[in-house]
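Here is how the chains run, residue by residue.
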Amino acid sequence: MSEEADTKDEMNRMYRWTRHVYDASRKYFLLGRDQLINTLRLKDGEHVCEVGCGTARNLIKMARRYPKTHFYGLDASDEMLKTARGSLKFSGLSERVHVKQSFAQNFDPQELFNLSAPLDKILFSYALSIIPPWQDSIDHAVQLLATGGEIHIVDFGDMKDQPAWFKKIIFWWISLFHVYHKPEILEHLQDLVRNGQGTLNITHLYNGYAYLAVFKKT
């Protein structure tokens with residue numbers, strides 16, 4: 001079995017039952033997602049893709065706020081996409097927001113969504129911390145973007161200004177779901193900037209609990 005097939009099976013096992021309570025439970029510790037949406041400033045006609053879209057919670061909020069923007073989502077888990085498609089149908093957005101099963105490190109927007117133009121924005125909302133090939137996923141996203149396009153990331157921070165006991169509990173809890181704080185993500189983005197591939201803005205939230213990063217391709 002291939003590595004991607006293994007990942008897909010693992011994600012399906014993880015979310016087969018938890019997808020039903022995912023949004024209700026995750027809202028208490030996946031902080032900063034609404035701040036990411038609030039800072040997007042999307043334009044009419046732009047093409048926006050969320051990698052690791054999960055239940056489509058973010059896609060639904062964005063599609064309601066930006067009715068003239070085109071939205072797409074992909075996830076490794078077929079099980080999670082069952083919830084996403086159900087939520088989109090309930091919200092009346094199935095015709096506007098398209099979701100597919102695929103992988104962050106090699107998805108093809110043309111094949112998945114029949115797109116001929118580059119993507120304008122790619123979002124990772126608490127996704128890179130669970131994706132093993134996170135660096136390949138970032139590099140692939142950069143390649144897919146139009147010049148001036150942006151990668152928006154919200155994820156777990158270093159929690160350096162949080163109490164030590166709280167940091168220990170959170171890192172232990174998320175590890176149960178194969179999620180890990182990865183400081184190397186920001187380091188890699190900074191390397192891309194040093195290599196002249198773009199600019200980077202980082203905002204730390206809630207005493208380091210989370211961060212927002214915006215990489216703009218040059």
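Scroll up for the structure.
First, a word on what this report is: a plain description of the structure on this page. Note that the structure is a prediction, hence the values are computed from the model and not measured.

1. Re the pairing of strand S3 (residues 97-101)
Next up, step 1: Relative to S3, strand S2 (residues 70-75) runs parallel, the two sharing 5 bridges. Bridge assignment links Tyr72 to a residue of S3, and that residue is His98.

2. Focus: unusual backbone geometry
Next up, step 1: In this structure, Ala56 is a non-glycine residue whose phi angle is positive, near 75°.
Next up, step 2: By relative accessible area, Ala56 is classed as buried at 0%.
Next up, step 3: At Asn207, a position not held by glycine, the phi torsion is positive, near 55°.
Next up, step 4: Topologically, Asn207 is positioned in the loop between strand S6 (198-205) and strand S7 (210-217).

3. Re the sheet that holds strand S1 (residues 47-51)
Next up, step 1: Read across the sheet, 7 strands follow the order S3-S2-S1-S4-S5-S7-S6 without closing on themselves; strand pairing throughout is mixed. With one partner strand each, in any of the chains shown, S3 and S6 form the two edges of the open sheet. Taking each pair of neighbouring strands and ignoring which way they run, the sheet shows an average axis angle of 15°.
Next up, step 2: Of the strand pairs in this sheet, S1 and strand S4 (residues 119-125) are connected by 4 bridges, and their pairing is parallel.

4. Points about the side chain of Glu46
Next up, step 1: Mapping Glu46 onto the fold places it in the loop between helix H3 (33-38) and S1.
Next up, step 2: Exposure remark for Glu46: the relative accessible area of 11% places this residue in the buried category.
Next up, step 3: Engagement of the side chain of Glu46 in a polar contact is seen with the backbone nitrogen of Lys43, the distance being 3.0 Å.

5. Overview of helix H5 (residues 78-90)
Next up, step 1: When the terminal C-alpha atoms of H5 are compared, their 18 Å separation across 13 residues agrees well with the 18 Å that a helix rising 1.5 Å per residue should span.
Next up, step 2: For H5, the set of buried residues is Glu79, Met80, Leu81, Thr83, Ala84 and Leu88.
Next up, step 3: Where H5 begins, the capping side chain belongs to Ser77, and its oxygen is found 3.2 Å from the backbone nitrogen of Glu79.
Next up, step 4: One or two steps after H5, the chain reaches Gly92, where phi turns positive at roughly 75°.

6. Observations concerning the environment of Asp158
Next up, step 1: Of note, Asp158 is situated in the loop between strand S5 (145-156) and helix H8 (164-175).
Next up, step 2: Once the C-alpha coordinates of Asp158 and His181 are considered, the two residues, 23 residues apart in sequence, prove to be 6.9 Å apart.
Next up, step 3: Among residues more than four places away in sequence, those in contact with Asp158 are Lys167, Phe171, His181 and Gly208.

7. Remarks on the layout of surface pockets
Next up, step 1: A volume near 220 Å³ is recorded for the second largest pocket.
Next up, step 2: Thr39, Arg41, His152, Asn201 and Val214 are, among the 13 residues lining the second largest pocket, the residues nearest its centre.
Next up, step 3: For the lining of the second largest pocket, the secondary-structure elements that each account for two or more residues are S5, S6 and S7.
Next up, step 4: Taken together, the residues of the lining of the second largest pocket sort by class into 6 nonpolar, 4 polar and 3 charged.

8. Quick notes on the packing of aromatic side chains
Next up, step 1: A complete count under the given rule lists 7 aromatic pairs for this structure.
Next up, step 2: Arranged with centres 5.9 Å apart and planes meeting at 90°, the rings of Trp165 and Phe166 form a pair that is edge-to-face.
Next up, step 3: For Trp165, a relative accessible area of 57% puts it in the exposed group.
Next up, step 4: Among the residues examined, Phe166 registers a relative accessible area of 24% and is labelled partly exposed.
Next up, step 5: A ring pair is formed by Trp173 and Phe177, whose centres lie 5.1 Å apart and whose planes are at 70°; its orientation type is edge-to-face.
Next up, step 6: What links up through ring pairs into an aromatic cluster is the set Tyr126, Phe156, Trp165, Phe166 and Tyr209.

Calculation rules
- Residues numbered from 1 in each chain as written.
- Predicted model: local features only at pLDDT ≥ 70, side-chain atom pairs only at ≥ 80, totals over all residues.
- Heavy atoms only, no water.
- Pairing = 2+ DSSP bridges.
- Helix = DSSP H or I, 4+ residues; strand = E, 2+ residues; numbered from the N terminus.
- Buried < 20%, exposed > 50% of the residue type's maximum accessible area, 1.4 Å probe, protein only.
- Axes fitted to C-alpha atoms, helices over the stretch in contact; angles between N-to-C directions.
- Polar contact = N/O pair within 3.5 Å; in protein donor to acceptor, adjacent residues only side chain to side chain.
- Expected span 1.5 Å × (residues − 1).
- Contact = heavy atoms within 4.5 Å.
- 1 Å grid on protein atoms, 1.4 Å probe; cavity = no way out; pocket = protein on both sides within 12 Å on 5 of 7 lines; lining within 4 Å.
- Points joined across faces, edges and corners; volume = space filled by probe spheres on them.
- Nonpolar A, V, L, I, M, F, W, Y, C, P; charged D, E, K, R; others polar.
- Phe/Tyr/Trp six-rings, centres within 6.5 Å; stacked < 30°, edge-to-face > 60°.

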